[in-house]
Amino acid sequence: MLLRRTLLAAAVLSVCGLTAGCFAGSQAEGPARLRVALPFAPVQSLSPWGDDGVTLTRLGIAETLVRLDPEGKPQPLLAESWTRKSPTTWSFRIRAGVKFHDGTALTAAAAADALSRAAAASPVPRAIKGVGVTAKAAGDLDLEVSTTAPDPTLPQRLSTANLVVLAPAAYQGERVNPAKAGTGPFVLADLDVANGAALARFDGYWDGVPELAGVDVRFVPDGNTRSATLRAGEVDVATNVPISALANVTTEEVPLPRTVSVLLNTAKPPFADPRLRAAVREAVDPAALAKGVYEGHADAATGVFRNTAPRQVTPTGATAGGQKIALATWSDRPELPGVVTAVAESLRGKGFEVEQVVRKYSQLEPDLLAGNFDAVIFSRSYAQDNGDLAANLNLDFSCSGGFNLVKVCDPALDAAIGQALAIEDVPARQAAAMRAQDALLATNAVVPLVHERTIIGRSAGVSGLSTDPYDRLLITSKTSVS
């Protein structure tokens, strides 16, 4: 085991007082423990307000008020129902009988405290940034959440992993401490941020006693190493298995709302010229990339969003005439360097002189945000924060968008996005966002390539893993291993 015996012993002692069962002893004496290899170590000691939030939900430690179904519609979780009281205020009914891992009860006051602290965090979680969220208890189990302006997608926003509800004790120190503070099926018993974590079964879980005795987590950044530990029987589950390491691995593949695209910097030459943007679109072959670089483990993209109808586009025949461009991507996602090589070769066929830049994302990001590259191969989840396609388009591609890497500012596109944002009915709003996407694709500022899948490697005895398309869930109370 990667975690030291002493660490696990301490974990046992720390959770025995909280749960009726204790994970000491062999697996033969009771339910088994699951061994999991994850790619990303916590960067903020599992504080929910940053990138670590999704680790809390994927490991079954903490939960949100709302979850999303595969169509992006909000569904009950810690909140069992909700109504809109006014254009800016919603009332949520908290599920009765839910306990935090420290034994305290989930109440509207505890939920309001968690949301208020997230809204005051620095930085504010993306899903509620600029929304002006305030929360207060209107009764023991009645929670009121308000926004500065009318927001028909507030329930979807509350599904983001950054807004998990933790026990009041989690917020007492300088940092949020989720240990023994969640409501999920597993208690965070101990954490070594460099190596792994130990989780214990929470017998008081509101949705039934979990099948597993607990979970032992390793943080293994290298994908080939994660796959090797699975093949060697050292772990039962390895997530984000690279395509190059799939041999002799049993896998589950889940299509994600995540698209790899070429983002073109329209603020400066050469891609301020729409003809050269069209040349990029005509050069790439999404189907060949899905079949080649991804070996069939991705889906050719016809748009930024999945299930986009193919566009009928008249070829322009534009060529670059020797234009020099810097085409960048990051190495953290193992397939992207292969994509950049294939796209660069296609662009050279259109007359571009291409310099390839591949770095870790942390090293690439400053130049990326500064607009120092001409083109970027970018992998982006369009449902990461709240599942709202209109909000995604507004953030990434409107004139006022806070993450507009392509620097596009098109009146027709802004008008189409604005129409989608004004619609309150969720299916109609999503349909309007798909139409706004047509205006985006017409600019050729973004050239979609493939829709990614997450690949989860598992041993033959593992069952009950979540196939959540938003990649927020993995281990649930129904997960088991034999």
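Residues numbered from 1 in each chain as written. Predicted model: local features only at pLDDT ≥ 70, side-chain atom pairs only at ≥ 80, totals over all residues. Heavy atoms only, no water.

> Sorry if this is basic, but what is going on with the overall build of the protein here?
The helix and strand tally for the protein stands at 12 helices and 19 strands. In terms of overall size, the protein behaves like a compact globule, its C-alpha atoms giving a radius of gyration of 23 Å where 482 residues would be expected to give roughly 23 Å. Dimensions of the protein, computed from C-alpha atoms along their principal axes, come out at roughly 70 × 55 × 35 Å. Taken over 482 residues, the protein has a buried fraction of 55%. A separation threshold of at least 6 residues defines the contact pool for the protein, and within that pool the share at least 24 residues apart is 69%. With the model as given, the accessible surface of the protein reaches about 19,500 Å², and the carbon-plus-sulfur share is 51%. (Helix = DSSP H or I, 4+ residues; strand = E, 2+ residues; numbered from the N terminus. Rg over C-alpha atoms; globule rule 2.2 N^0.38 Å. Buried < 20%, exposed > 50% of the residue type's maximum accessible area, 1.4 Å probe, protein only. Contact = heavy atoms within 4.5 Å. Areas by Shrake-Rupley, 256 points an atom, 1.4 Å probe, with all protein chains shown as cover.)

> What is the right way to look at the state of the cysteines in this model?
Each disulfide consists of one covalent bond between the sulfur atoms belonging to two cysteines. The full count for this structure, using the stated rule, is one disulfide. Paired through a disulfide, Cys 399 and Cys 409 show a sulfur-sulfur distance of 2.0 Å. Because the sign of the S-S torsion sets the handedness, a value of about 100° for the bond joining Cys 399 and Cys 409 places this disulfide among the right-handed ones. Linking Cys 399 in the loop between helix H10 (389-397) and helix H11 (411-421) with Cys 409 in the loop between H10 and H11, this pair joins segments that are 10 residues apart in sequence. (Disulfide = S-S within 2.5 Å.)

> How should the packing of H10 against H11 be read in this particular structure?
Relative placement of two packed helices is described by the angle separating their axes and the distance separating the axes. Close contact between H10 and H11 brings their axes to 9 Å; oriented N to C, the two are set at 150°. Here H10 and H11 pass one another in a crossing that is left-handed. In this structure, H10 contributes Ala 390, Ala 391, Leu 393, Asn 394 and Phe 397 to the contact, and H11 contributes Leu 413, Asp 414, Ile 417, Ala 420 and Leu 421. Here the contact of H10 with H11 is composed, by residue class, of eight nonpolar, one polar and one charged. (Axes fitted to C-alpha atoms, helices over the stretch in contact; angles between N-to-C directions. Left-handed = near helix turned anticlockwise from the far one by under 90°. Nonpolar A, V, L, I, M, F, W, Y, C, P; charged D, E, K, R; others polar.)

> Help me understand the nonpolar core in this model?
Nonpolar side chains in soluble globular proteins generally cluster together in the buried interior. Grouped together as the largest cluster of nonpolar side chains are 75 residues, with contacts concentrated most on Val 262, Leu 327, Val 343, Leu 347, Phe 352, Ile 377 and Leu 449. Here this core gathers at least three residues from each of two domains, domain 1 (31-60 + 184-250 + 459-481) and domain 3 (257-453). When sequence neighbours within four positions are dropped, the list of residues in contact with Val 343 reads Val 262, Val 284, Leu 289, Leu 327, Ile 377 and Leu 449. With 60 residues, the next largest nonpolar core counts Leu 115, Phe 186, Ala 197 and Phe 219 among its residues. (Core = buried A, V, L, I, M, F, W, Y, C linked by side-chain atoms within 4.5 Å. Domains from an automatic or database assignment.)

> I keep staring at empty space enclosed by the protein and nothing clicks. Help me out?
Once rolled over the atoms, a probe with the size of a water molecule shows which space is left empty. Summed over the entire model, instances satisfying the criterion amount to three cavities of 30 Å³ or more. The computed volume of the largest cavity comes to approximately 160 Å³. Lining of the largest cavity is provided by 14 residues; of these, Leu 263, Phe 378, Arg 380, Asp 396 and Phe 397 occupy positions nearest its centre. Among the elements of the structure, strand S12 (250-264), strand S16 (375-381) and H10 are those that each provide at least two residues to the lining of the largest cavity. (1 Å grid on protein atoms, 1.4 Å probe; cavity = no way out; pocket = protein on both sides within 12 Å on 5 of 7 lines; lining within 4 Å. Points joined across faces, edges and corners; volume = space filled by probe spheres on them.)

> I tried to follow the layout of surface pockets on my own but got confused; where do I start?
Taken as a whole, the second largest pocket spans an internal volume of roughly 540 Å³. Around the second largest pocket, the lining is made up of 29 residues, and of these Glu 63, Arg 67, Leu 77, Leu 473 and Thr 476 lie nearest the centre. The greatest single-element share of the lining of the second largest pocket, amounting to three residues, is contributed by strand S2 (residues 66-68). Partitioning the lining of the second largest pocket into residue classes produces 14 nonpolar, eight polar and seven charged.

> Just checking my understanding: could you explain the packing of aromatic side chains for this structure?
One pair of aromatic rings is described through two measures. These are the centre distance and the angle between the planes. By the definition in use, this model includes eight aromatic pairs. Taken together through their ring pairs, the aromatic side chains of Trp 330, Tyr 361, Phe 378 and Phe 403 make up a single cluster. (Phe/Tyr/Trp six-rings, centres within 6.5 Å; stacked < 30°, edge-to-face > 60°.)

> I tried to follow the UniProt feature "domain: Solute-binding protein family" (unreviewed entry) in the protein on my own but got confused; where do I start?
Here, the residues flagged by UniProt with the feature "domain: Solute-binding protein family" (unreviewed entry) are residues 73-402. For residues 73-402, helix accounts for 22% and strand for 26%, while the C-alpha atoms at its two ends are 25 Å apart. (UniProt positions renumbered as here; feature names shortened; annotations may be inferred.)

> Quick question: what am I supposed to make of helix H8 (residues 336-348) here?
End to end, H8 covers 18 Å across 13 residues, agreeing with the expected 18 Å (1.5 Å per residue, within 8%). When we look at burial in H8, the residues that qualify are Leu 336, Val 339, Val 340, Val 343, Ala 344 and Leu 347. One side of H8 holds all its buried residues, which, seen down the axis, span an arc of 130°. (Expected span 1.5 Å × (residues − 1). Arc of directions from axis to C-beta.)

> Could you clarify how one ought to interpret the side chain of Arg 429 in this entry?
With respect to the element layout, Arg 429 can be found in helix H12 (residues 426-443). The class of Arg 429 is buried, set by a relative accessible area of 4%. A polar contact is formed between the side chain of Arg 429 and the side chain of Asp 388, at a distance of 2.9 Å. Those residues in contact with Arg 429, other than ones at most four positions away along the chain, are Pro 152, Thr 153, Asp 388, Ala 390, Ala 420, Leu 421 and Ile 423. (Polar contact = N/O pair within 3.5 Å; in protein donor to acceptor, adjacent residues only side chain to side chain.)

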